[in-house]
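# Coordinates in review
Now for the letters of each chain:
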Amino acid sequence: MGILALAVFIAITVILNVPFKRPIAEALLVALVGTAAVGGSRFFELLSAGVVSALDNDVTFAGMAFVFMGVIVSQTGLIERLITIFNSIFGRLRGGAAYVSTAGSAAIGLVAGSTAGNAATVGAVTIPWMKENGWTSTRAATLVAGNSGLGVSLPPNSTMFIVLAAIPATLGVTGADVYVSLMVAGAYCVLYRMIVVWYWARKDGLKPAKASHILSFGNALKDGWSSTLIFLGILIPVVLTFGPLFDWLSAEARIGEGPMGEVSIIVWVPILISIIALFEGRHRLAGRWSQVGDALRKEAPQFATVGISLFAALAASTIMSELGVGEQLTSALDAVDLPVPLLVLIICIVAVIVATPLSSTATAAAIGAPAVIAMDAMGIPPVVAVCAMLVCTSTEGASPPVGAPIYLASSMAKVEPRKMFVPLIVWFVAPVIAIAWAIAMGFLPIPS
């Protein structure tokens, strides 16, 4: 019954979201009801258990808190000041504007998980800049669209929360574990993109930008140093939930393991970053609070989408777990006689194919749990499996022909989208599959 419930959940979600164009939150709610219906006479018992479990999970709050955080950070202009600092570091390199674009996408990926939002924010600033510094329109647009996936392959993001919500609690995966591990997995993705920029800059014969266009690192830091405080919002929860300081504070003679275990990294990161952004940007927000209110009102549909989606995925996950999906998938995989590396590669490719028509969030809701459970059954640590899955779904924005960042970037660069399709597949889709596979197989180690 568990596998049937999973199939019903995937089918309803995909059918309503793709051919019928219904919002993902609506599709997931209907899929939740359909999943409970698989239990037959246990319908109300299963649905009640799922709802209670979802309402008692801090992932739901955290998902909406990150949406709020993204609005606040955007309104303070903090990211633009960070980009100025990045430019003082990378601007003197060949094709330096592209390094800045990549670093900017990574910075935004650390505070907001939307691929389209990543492309729009970074592209608006760096595409004209890249073109001015010798990059072709196609290269500039391809890079921005390809980099948009850093909004998913770096924590935090709604896709991460959906996967956490969907996988069975018996796997023992916590938000703190995934946050730290995904940070390392995302770093591999950033490093790969920096290598791509390095190769492109030399292949295209680009020269460093004019020194007159670049602030010295000292001046850039003097003008925008306070923007770097945003990283404290990440660092503080991380060191309090992972590593030597956590171990020291967890000793019974100090705070104790119980109270320290209650510190939730996915709850405190958005809270601290929002507070830091409000403090850092207080002078820039003076007299503009009505605009901040307008921005929050415009994001109201996103609050609803994230909250409802997380609630539905959490509840459905509980129901599928009650129906024994984990044990049944493990048994099914045991009957498949294929080498583990090949099975993992197949799972990664399937995830990317599903992510092409769907958003990364919808992909995670549809196949995130079975993919993680399948890899766990092969002996891959669950945290590693979650990170590999998230890296796969990060191809959403770079997967032709439907990735929204492709059309956003092409519009800003004034280039035909079709000219980007092959370069995106060659440079950003296929290599990201390879990175996800290498992470799952342990060739690119991450904390687990």
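For the structure given in this document, a descriptive report is provided here. (Residues numbered from 1 in each chain as written. Predicted model: local features only at pLDDT ≥ 70, side-chain atom pairs only at ≥ 80, totals over all residues. Heavy atoms only, no water.)

### Details of the overall build of the protein
Across its full length, the protein holds 25 helices and zero strands. Against the 2.2 N^0.38 benchmark of 22 Å for 448 residues, the protein shows a C-alpha radius of gyration of 22 Å, consistent with a compact globule. With the principal axes as the frame, the protein shows a C-alpha extent of 70 × 55 × 40 Å. Per-residue burial over the protein gives 55% buried out of 448 residues. A separation of at least 24 residues holds for 80% of the contacts in the protein among residues at least 6 apart in sequence. For the protein, the computed accessible surface area is about 18,200 Å², with 67% contributed by carbon and sulfur atoms. (Helix = DSSP H or I, 4+ residues; strand = E, 2+ residues; numbered from the N terminus. Rg over C-alpha atoms; globule rule 2.2 N^0.38 Å. Buried < 20%, exposed > 50% of the residue type's maximum accessible area, 1.4 Å probe, protein only. Contact = heavy atoms within 4.5 Å. Areas by Shrake-Rupley, 256 points an atom, 1.4 Å probe, with all protein chains shown as cover.)

### Describing helix H19 (residues 300–322)
With 23 residues, H19 extends 33 Å between its outermost C-alpha atoms, agreeing within 8% with the 33 Å of an ideal straight helix rising 1.5 Å per residue. Immediately downstream of H19, the backbone of Gly-324 shows phi near 85 degrees, a positive value. (Expected span 1.5 Å × (residues − 1).)

### Some thoughts on a nonpolar patch on the surface
A contiguous nonpolar surface patch, about 530 Å² in accessible area, is contributed by Leu-338, Leu-342, Leu-345, Ile-346, Ile-349, Val-350 and Ile-353. When you line up the elements, Ile-349 lands in helix H21 (residues 340–355). A relative accessible area of 35% means that Ile-349 is categorised as partly exposed. (Patch = residues over 30% accessible without salt bridge, like charges linked within 9 Å, V, L, I, M, F, W, Y side chains within 5 Å. Salt bridge = Lys/Arg side-chain N within 4 Å of Asp/Glu carboxyl O.)

### Here's the deal with unusual backbone geometry
Although it is not a glycine, Lys-21 sits at a positive phi angle of roughly 60 degrees. Tracing the backbone through its elements, the reader meets Lys-21 in the loop between helix H1 (2–17) and helix H2 (24–37). Not every positive phi belongs to a glycine, and Lys-414 is a case in point at roughly 60 degrees. Among the secondary structure elements, Lys-414 is positioned in the loop between helix H24 (404–413) and helix H25 (418–441).

### Quick look at the pattern of salt bridges
Within this structure, the stated rule accounts for seven salt bridges. Arg-284 serves as the salt-bridge partner of Glu-280, at 3.9 Å between the closest nitrogen and oxygen. The residue Arg-297 makes a salt bridge to Asp-294 at a minimum N-O spacing of 2.3 Å. Of the two residues, Arg-297 and Asp-294 are both situated in helix H18 (residues 289–298); the distance of three residues between them amounts to about one turn of the helix. Taking the relative accessible area as the measure of exposure, Arg-297 reaches 56% and is therefore exposed. A single salt-bridge network, built from bridges that share partners, covers Arg-42, Glu-45 and Glu-322.

### A look at the environment of Val-52
Tracing the chain through its elements places Val-52 in helix H3 (residues 43–55). Residues Val-52 and Val-178, spaced 126 residues apart in sequence, show a C-alpha to C-alpha distance of 24 Å.

### Here's the deal with empty space enclosed by the protein
Taken as a whole, this structure holds two cavities of 30 Å³ or more when the rule is applied. Quantified by volume, the second largest cavity comes out at close to 30 Å³. In this structure, the second largest cavity is lined by Ala-145, Gly-146, Ser-148, Gly-149, Arg-193, Ser-394, Thr-395, Gly-397, Ala-398, Phe-428 and Val-432. Breaking the lining of the second largest cavity down by element, the ones donating at least two residues are helix H8 (137–147) and H25. Across the lining of the second largest cavity, the residue classes break down as four nonpolar, six polar and one charged. (1 Å grid on protein atoms, 1.4 Å probe; cavity = no way out; pocket = protein on both sides within 12 Å on 5 of 7 lines; lining within 4 Å. Points joined across faces, edges and corners; volume = space filled by probe spheres on them. Nonpolar A, V, L, I, M, F, W, Y, C, P; charged D, E, K, R; others polar.)

### Focus on the packing of aromatic side chains
Tallying each qualifying case throughout the model produces five aromatic pairs. Look at Trp-200 and Trp-427: their rings are 5.7 Å apart centre to centre, the planes differ by 80 degrees, and that puts the pair in the edge-to-face class. With Trp-200 in helix H11 (residues 175–203) and Trp-427 in helix H25, this pair connects stretches of sequence that are 227 residues apart. Assessed through its relative accessible area of 0%, Trp-200 is described here as buried. Ring centres of Trp-200 and Phe-428 lie 6.2 Å apart, and the angle between their planes is 80 degrees; on these two criteria the pair is classed as edge-to-face. Here the residue Trp-200 occupies a position in helix H11, and Phe-428 occupies one in helix H25, the gap between them amounting to 228 residues. Feature note: the residues Tyr-199, Trp-200, Trp-427 and Phe-428 constitute an aromatic cluster, connected by ring pairs. It is Arg-139 that lies over the ring of Trp-200; its NZ or CZ is 4.4 Å from the centre. (Phe/Tyr/Trp six-rings, centres within 6.5 Å; stacked < 30°, edge-to-face > 60°. Lys NZ or Arg CZ within 6 Å of the ring centre and 35° of its normal.)

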